[in-house]
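If you want the building blocks of each chain, they are given just below.
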Amino acid sequence: MPRGGGLATAPHRNLTKQLLGRGLGLGPGVAPPFCYTREVSRSFQPGRRLRAFIAAIGALALLSAGVVADAATRRGVAAAALDARRAAVRGVGLGDLALSSSARWIRHPTQAEPGAPFQDLPSTFDVDPAGAVVGPPAPRARRER
Amino acid sequence: MRRQWALLEHALGSLRRRAWRHVALAVAVALVVGVYGSALLLADALRGEWRSTLASVPDLVVQRLEGGRPALVEVAALAEVVPLDAPGVRSAEARVWGYLFVEALGANVTVVGGERPLDGALAAGRAPRAGAERPECVVGVALADHFAVRPGDRLAVPDARGELVLLEVVGVFVAASALQTADVLVTDDATARRLLALPEGRATDYAVTLSRPEEAPVIAGQVRARMSDARVIERDALVRTYELTFDGRSGLLSALLVPCLAVLLLLVWERLSGLGEAERREIGVLKAVGWETRDVLTARLWESAIVAVGGAWVGALAAYAHVFWLDAVGLRGALFGWSALHPPLELTPVIDPTAAWTLLGVVVVPFVGASIVPAWRAASIDVDEAIR
Amino acid sequence: MTERASAEAIGATDVAKRYFDGATRVHAVEGVSLSVARGELVVVQGTSGSGKTTLLGLLGGLIAPTRGDVRIAGKSTVHMRDHHRTRWRRAHVGFVFQELQLIRRMSLLENVLLPLVPSGGARMTHVERAERLLERFGLAEKRDVGVERLSGGERQRGALARALVLEPEVLLLDEPTAHVDAENAARVVDLLAEEKAAGRAILATTHDPRLADDPRVDRAVVMEAGQLRAPDA
Ligand SMILES: Nc1ncnc2c1ncn2[C@@H]1O[C@H](COP(=O)(O)OP(=O)(O)OP(=O)(O)O)[C@@H](O)[C@H]1O
Ligand SMILES: [Mg+2]
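Residues numbered from 1 in each chain as written. Chains lettered and ligands numbered in written order. Predicted model: local features only at pLDDT ≥ 70, side-chain atom pairs only at ≥ 80, totals over all residues. Heavy atoms only, no water.

### A look at the overall build of chain B
Short version of the rule: Secondary structure follows DSSP: runs of H or I at least 4 residues long count as helices, runs of E at least 2 residues long count as strands, and numbering of each begins at the N terminus. It is over C-alpha atoms that the radius of gyration is taken, and the globule rule equals 2.2 Å times the number of residues to the power 0.38. Two residues form a contact once any of their heavy atoms are found within 4.5 Å. A 1.4 Å probe and the Shrake-Rupley method give the accessible areas. Residues count as covered only by the protein chains that appear here. Charge counting treats Lys and Arg as positive and Asp and Glu as negative, with His and both chain ends excluded. Every charge is mapped onto a representative atom, which is NZ of Lys, CZ of Arg, CG of Asp or CD of Glu.
Looking only at helices and strands, chain B features twelve helices and 14 strands. Relative to the 2.2 N^0.38 estimate, which gives 21 Å for 388 residues, the radius of gyration of chain B is 30 Å and therefore markedly larger than a compact globule would have. Across its three principal axes, chain B shows a C-alpha extent of roughly 100 × 45 × 40 Å. A separation of at least 24 residues holds for 78% of the contacts in chain B among residues at least 6 apart in sequence. Carbon and sulfur atoms provide 60% of the accessible area of chain B, an area that totals close to 16100 Å². Computed over 38 positive and 44 negative side-chain charges, the inter-centroid distance for chain B is 7 Å.

Here it is, written out as structure tokens:
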């Protein structure tokens with residue numbers, strides 16, 4: 001038989017098995033089944049597909065690890081700056097985020113007026129939800145004091 | 001185990017044979033998860049930002065209502081309104097603060113007056129002192145950046161009557177507090193009154209700090225009893241209001257996404273339930289060569305799970321990248337409203353596991369279901385279609 | 001009788017299949033008894049629509065009979081649970097379909113190894129066996145070619161290789177020479193004869209005299225309107 005029996009191929013197979021098994025973090029007993037050596041199956045390697053799949057998962061996992069690391073750094077930075085932020089809020093006395101200015105409650109939604117017509121309270125439904133997406137015409141915005 | 005590997009292998013082959021369709025489906029899943037996830041991440045991060053400094057906000061804010069709107073309060077009445085000697089009360093003050101529209105900025109500046117304890121809150125400089133020869137101020141980073149001022153520079157701000165007031169910048173808030181202080185200008189009491197056109201003896205509201213926050217309702221009740229036109233805002237109310245702001249906005253955004261999700265599922269169902277003739281035939285062949293129904297379904301499960309989980313995974317990563325690396329372009333407008341003074345976004349990721357699981361459950365499970373059902377129907381029929 | 005039954009690899013007793021097509025009732029197979037022993041090559045002839053494919057499906061356990069009994073490798077498969085029958089069938093019967101039913105855009109070798117997937121995929125021995133089969137069938141070069149790019153004769157032999165990859169005792173073939181030229185037909189017949197010599201029971205339907213009249217065929221039966229008839233002398 002030209003294509004080499006089990007004896008000739010066994011070492012290769014074990015090597016691939018070990019490599020794959022290690023790469024997957026699986027025990028030595030649970031290596032994926034498709035580990036042909038080149039001589040037995042020249043280009044047909046069903047294992048190739050699995051390997052590509054595992055590589056894709058690995059890439060995603062790596063990216064995820066990057067994201068987790070990034071999140072951790074951000075948390076670390078934020079934790080380090082927390083005291084300063086708290087001091088700033090304590091000093092100013094206003095805790096609202098300097099973000100929303102889409103309506104008359106401007107940037108301190110928690111300090112809004114409860115009885116006004118066209119309730120500006122954030123808990124009320126936005127009278128003009130599009131206002132959050134589309135800016136006012138420029139000259140109007142200027143006159144709005 | 002071997003069987004699963006083999007079926008997975010087969011599923012991968014099958015995915016590759018219909019690569020474009022599956023890529024399109026995965027992209028659709030990624031898109032829905034990505035947009036939805038961005039909204040969630042951003043809203044959660046903002047909520048986290050707000051919560052982290054919550055403890056520093058006064059426990060009670062007392063406003064006076066006039067015609068249903070906040071009106072100025074008497075500084076002198078503070079002792080009458082707030083039971084300063086009550087055991088829970090640590091301190092109380094009449095605050096001078098308000099908004100000042102600055103033409104050059106096209107935005108409102110939050111002016112805060114009085115001697116503020118700013119230790120540890122400034123990146124450079126010191127707190128403003130009253131009675132200096134030139135009025136002093138401390139500004140937030142967005143203001144400092146916009147006017148390109150540093151401690152020692154001067155800043156001309158128009159007062160409420162339009163006359164320019166020349167302020168000396170003596171400090172800048174730490175950049176880390178930009179979300180809270182970007183548009184804040186702290187100055188002494190007299191200058192703040194001038195900028196805001198607040199008469200002497202009046203103030204914007206009273207702020208009360210308690211030594212035991214859980215007594216807030218009791219103290220609030222006492223304040224209401226002493227001042228009939230008072231509106232007392234407990235910190236709890238602030239919390240609720242605030243959570244609702246971003247919940248409301250991200251909820252609105254999410255609601256807009258529900259149709260997207262529906263469309264995606266419809267697409268999946270339509271694409272897969274009308275299992276092409278070729279695909280039905282393929283299932284028939286598999287059964288005819290000795291696959292059991294559960295083999296066919298397991299391979300199918302792998303197939304759609306790879307598409308759905310892969311798509312969702314990519315979508316989740318993209319959502320993170322979008323919110324934290326790309327500053328949520330496109331989404332910030334919807335969540336923040338317009339503002340000429342957006343602080344630089346340095347958000348801290350907060351991941352709400354329930355929301356994440358819900359999102360996955362809402363996208364992945366129906367997707368897999370929608371692709372399994374037709375395959376199950378095709379796989380449980382007789383194989384005699386395949387043999388002729 | 002007993003001697004024959006012991007050698008029997010596949011058999012049917014008074015098996016029938018009726019289709020209800022709306023108001024009309026089709027007696028595709030009506031009371032057929034047949035037995036094929038190991039090492040026997042039997043040919044089923046008959047006009048188009050006489051029920052040959054249906055009979056083959058009944059014998060192979062692919063079609064549930066309306067009546068009668070089917071035995072594969074000594075076991076009656078009629079009352080088996082579905083998945084038991086599937087496994088039994090996979091272990092003992094190789095089937096070549098009239099339309100071959102190779103999966104397009106899959107390589108030939110993958111198609112050949114398809115029956116192995118549910119039992120854990122191809123192991124070394126399987127791949128080697130499949131490669132030997134392909135080599136024997138003159139398809140070694142076409143191993144990695146998508147089946148949609150193979151010629152009719154190559155596909156025919158590929159389907160035969162798939163049927164043989166699990167080394168079944170019984171080989172059922174539906175029109176194995178229908179799509180091929182004289183040379184390829186002769187080749188298929190040779191292959192069948194080799195398999196017969198290897199001890200397999202082979203049942204093939206055909207209206208092709210190249211197969212039916214081959215001297216290595218042990219027996220020919222004729223189907224007519226769903227029933228079996230002794231061949232004309
Ligand atoms: N699923 C079915 N539903 C209804 N009628 C069927 C079905 N399958 C087969 N038949 C009918 O049963 C009869 C026998 O069909 P079968 O395929 O066994 O013929 P055949 O001998 O193989 O013909 P050919 O030589 O053309 O392949 C035909 O009349 C066919 O129309
Ligand atoms: Mg037929």
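What follows continues from the structure just given.
### Some points on the interface of chain B and chain C
When the parts of a complex come together, some accessible area is lost, and that lost area is often used as the size of the interface. For the record, the criterion: The quantity reported as buried area is the accessible area (1.4 Å probe) lost by two parts once they are put together, taken as the sum for both. Here, a salt bridge means any side-chain nitrogen of Lys or Arg that lies within 4 Å of a carboxyl oxygen of Asp or Glu. Three classes are used, and their members are as follows: Ala, Val, Leu, Ile, Met, Phe, Trp, Tyr, Cys and Pro are nonpolar, Asp, Glu, Lys and Arg are charged, and the others, Gly among them, are polar.
Contact residues are listed per partner, giving 24 residues for chain B and 29 residues for chain C. Both sides of the chain B and chain C interface together cover about 2400 Å² of buried area, and 57% of this is carbon and sulfur. Taken together, the links from chain B to chain C amount to one salt bridge. In this structure, Glu-292 of chain B engages Arg-87 of chain C in a salt bridge whose closest nitrogen and oxygen atoms are separated by 2.7 Å. For the side of chain B that touches chain C, the secondary structure elements donating two or more residues are helix H1 (2-17), helix H9 (277-288) and helix H10 (293-325) of chain B. Looking at the side of chain B that touches chain C, the element that brings in the most residues is H1 of chain B, giving seven residues. In terms of residue class, the side of chain B that touches chain C is made up of ten nonpolar, two polar and twelve charged.

### Here's the deal with the side chain of Asp-205 of chain B
Residue and element names in this part refer to chain B. Convention followed: Exposure is judged per residue with a 1.4 Å probe applied to protein chains only, and the accessible area is read against the type maximum: over 50% gives exposed, under 20% gives buried, and values in between give partly exposed. Distance and chemistry together define a polar contact, namely a pair of N or O atoms within 3.5 Å, with one atom able to donate a hydrogen and the other to accept it when in protein, and with adjacent residues in sequence counting only for side-chain atoms on both sides.
Take Asp-205: it is sitting in strand E13 (residues 205-210). On the basis of relative accessible area, Asp-205 is assigned to the buried category, the value being 1%. A distance of 3.2 Å separates polar atoms of two side chains, one belonging to Asp-205 and the other to Trp-97.

### A closer look at the domain arrangement of chain B
Residue and element names in this part refer to chain B. Formally: A domain assignment, automatic or from a database, supplies the domain bounds used here.
Taken domain by domain, chain B holds domain 1 (2-53 + 243-387) and domain 2 (57-234). Computed from C-alpha atoms alone, the centre-to-centre distance between domain 1 and domain 2 is 48 Å. Counting the surface lost from both domain 1 and domain 2, the interface buries some 840 Å², and carbon and sulfur atoms represent 77% of this. Applying the counting rule to domain 1 against domain 2 returns zero salt bridges. Inspection of the region where domain 1 meets domain 2 yields zero residue pairs in polar contact (both at pLDDT 80 or more). Grouping the amino acids of the side of domain 1 that touches domain 2 by side-chain chemistry returns six nonpolar, one polar and one charged.

### Section: the coordination of the magnesium ion (ligand 2)
All names here are of chain C. Defined as follows: For Na, K and Ca the donor cut-off is 3.2 Å, and for all other metals it is 2.8 Å, counting N, O and S atoms only; because water is absent from this set, sites may look incomplete.
The coordination sphere of the magnesium ion (ligand 2), as far as protein atoms go, consists of Thr-53 (OG1) and Gln-98 (OE1), spread over 1.8 to 2.3 Å. Residue Thr-53 is located in helix H2 (residues 52-59), and its partner Gln-98 is located in the loop between strand E6 (93-96) and helix H4 (108-113); the two are separated by 45 residues in the primary sequence. For Gln-98, a relative accessible area of 24% gives the class partly exposed.

### Thoughts on the pairing of strand E8 (residues 201-205) of chain C
Residues and elements named next belong to chain C. Going by this rule: Strand pairing is assigned whenever DSSP detects at least two bridges linking the two strands. Note on handedness: a crossover is taken as right-handed if, strands pointing away from the viewer, the path from the first strand over the helix to the second is clockwise.
Burial within E8 is extensive, with five of its five residues counted as buried. In the sheet, strand E3 (residues 41-46) pairs with E8 via four bridges, with the strands oriented parallel. Across the sheet, the residue bridging to Val-43 is Ala-204, located in E8. Regarding topology, helix H7 (residues 182-197) serves as the crossover connection from strand E7 (residues 170-174) to the parallel E8, and that connection is right-handed.

### Overview of the side chain of Asp-70 of chain A
In this fold, Asp-70 of chain A is placed in helix H2 (residues 46-92). The class of Asp-70 of chain A is buried, set by a relative accessible area of 17%. A polar contact of 2.6 Å, which involves the side chain of Asp-70 of chain A, links it to the side chain of Tyr-320 of chain B. Beyond its immediate chain neighbours, meaning those up to four positions away, Asp-70 of chain A contacts Tyr-320 and Trp-325 of chain B.

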